[in-house]
Amino acid sequence: MTALAVGDVIAERTVHLTRESLVRYAGASGDFNAIHYRDDVAASVGLPGVLAHGMLTMGLAVQTIVPWLGDAGRILEYGVRFTRPVVVDPESGAEVTVLAKVGAVDAETARIDLTVTHAGTTVLVKAQVRIRLA
Amino acid sequence: MPVNPELVGRDFPPTSPYLVGREKVREFARAVFADDPQHTDPVAAQALGYPDVVAPPTFAIVVQEQTLQQLLAQPDSGIVLHNVLHAEQRFAYTRPIVAGDELTGRLAVTGIRMLGGNAMVTSESVITDASGAHVVTATSVLVVGEGEE
């Protein structure tokens, strides 16, 4: 891998989520919490709408760098804090944008910082991936 | 009922083995928009040195979830699911999960900290393969509100 410098953008993408995406993730992950597919349940617990699973946002965010890494096995650690929900409109869905930048580099590892935003706000904080360089 | 501080250090049995299927990995990969071929094509995975398709990094949540169910099932936990918010999630990998793995999770509650009227519950699920070797440790911080009885 060529030398990485702090601040380098290594990958970015925008993912368009729909209600179908949430149902698909519910089935794949086994997380059937109804706030992720039923408007009435979401409203009854005071949410602004049906939300994407936090783990869906976390999952799609890290996937942004996997093609660049070439091997998902180079990921040593991955962590996030969930700060803001992603509300998925029944008709227009929701866009989630991921920007991956080099946060730190040492002899054998690097820290990749993911900036994950929806509707102009950051939805994951301290989204960091520690990778093996070789 | 507030969150029971005695959950810290309690001994939880290992979960029953979870056999990672190739189609399950593909299904999960599609769900997290993981379009790299190592997640869906065994030949691409083998070219990287893996026996079968490589699960996306957050697939470990599927096994971790089984350990968290053990926590929620404790009759004296004081944790009611609809009062739980996922605040933080971390994974530390020895190797990626691959189709064919038989995985077992072992839960430990490592900390409970009160913050306002909420409890911040940190749990660590150590996931090992059929040989007992470490694969990944999944750490969650859950914010548990007291809510109504």
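Everything that follows concerns the structure shown earlier in this document.
These figures come from a predicted structure and were not determined experimentally.

Rules and cut-offs
Residues numbered from 1 in each chain as written. Chains lettered and ligands numbered in written order. Predicted model: local features only at pLDDT ≥ 70, side-chain atom pairs only at ≥ 80, totals over all residues. Helix = DSSP H or I, 4+ residues; strand = E, 2+ residues; numbered from the N terminus. Buried ≥ 20, exposed ≤ 12 C-beta atoms within 10 Å, placed from the backbone. Contact = placed C-beta atoms within 7 Å. Pairing = 2+ DSSP bridges. Axes fitted to C-alpha atoms, helices over the stretch in contact; angles between N-to-C directions. Parallel < 35°, antiparallel > 145°, perpendicular 65-115°, else oblique. Left-handed = near helix turned anticlockwise from the far one by under 90°. Nonpolar A, V, L, I, M, F, W, Y, C, P; charged D, E, K, R; others polar.

(A) Up close: the overall build of chain A. Within chain A one finds four helices and five strands. Of the regular secondary structure in chain A, the N- to C-terminal order runs β-α-α-α-α-β-β-β-β. Judged by the C-alpha coordinates and their principal axes, chain A covers about 50 × 30 × 20 Å. Residues classed as buried in chain A amount to 38% of the 134 residues present. Relative to all contacts within chain A whose residues are 6 or more apart in sequence, the contacts with residues 24 or more apart total 64%.

(B) Seen up close, the pairing of strand β3 (residues 94–105) of chain A. All names here are of chain A. Bridge count for strand β1 (residues 9–17) against β3 is eight bridges, and the pairing is antiparallel. Counted as the bridge partner of A11 is A100 from β3. Of the pairings in the sheet, the one linking β3 to strand β4 (residues 109–118) comprises eight bridges and is antiparallel in character. When the bridges of β4 are listed, L99 appears paired with T115. Linking two consecutive strands that pair antiparallel, namely β3 and β4, is a turn of three residues.

(C) Main features of the packing of helix α1 (residues 19–29) of chain A against helix α1 (residues 22–31) of chain B. Here α1 of chain A crosses α1 of chain B at 150°, and the two axes come no closer than 9 Å. It follows that α1 of chain A is roughly antiparallel to α1 of chain B by the angle criterion. Considering only the axes of α1 of chain A and α1 of chain B, their crossing is left-handed. Touching R24, Y25, A28 and S29 of chain A of α1 of chain A are E27, F28, R30 and A31 of chain B, all from α1 of chain B. When grouped by side-chain class, the residues that make up the contact of α1 of chain A with α1 of chain B number four nonpolar, one polar and three charged.

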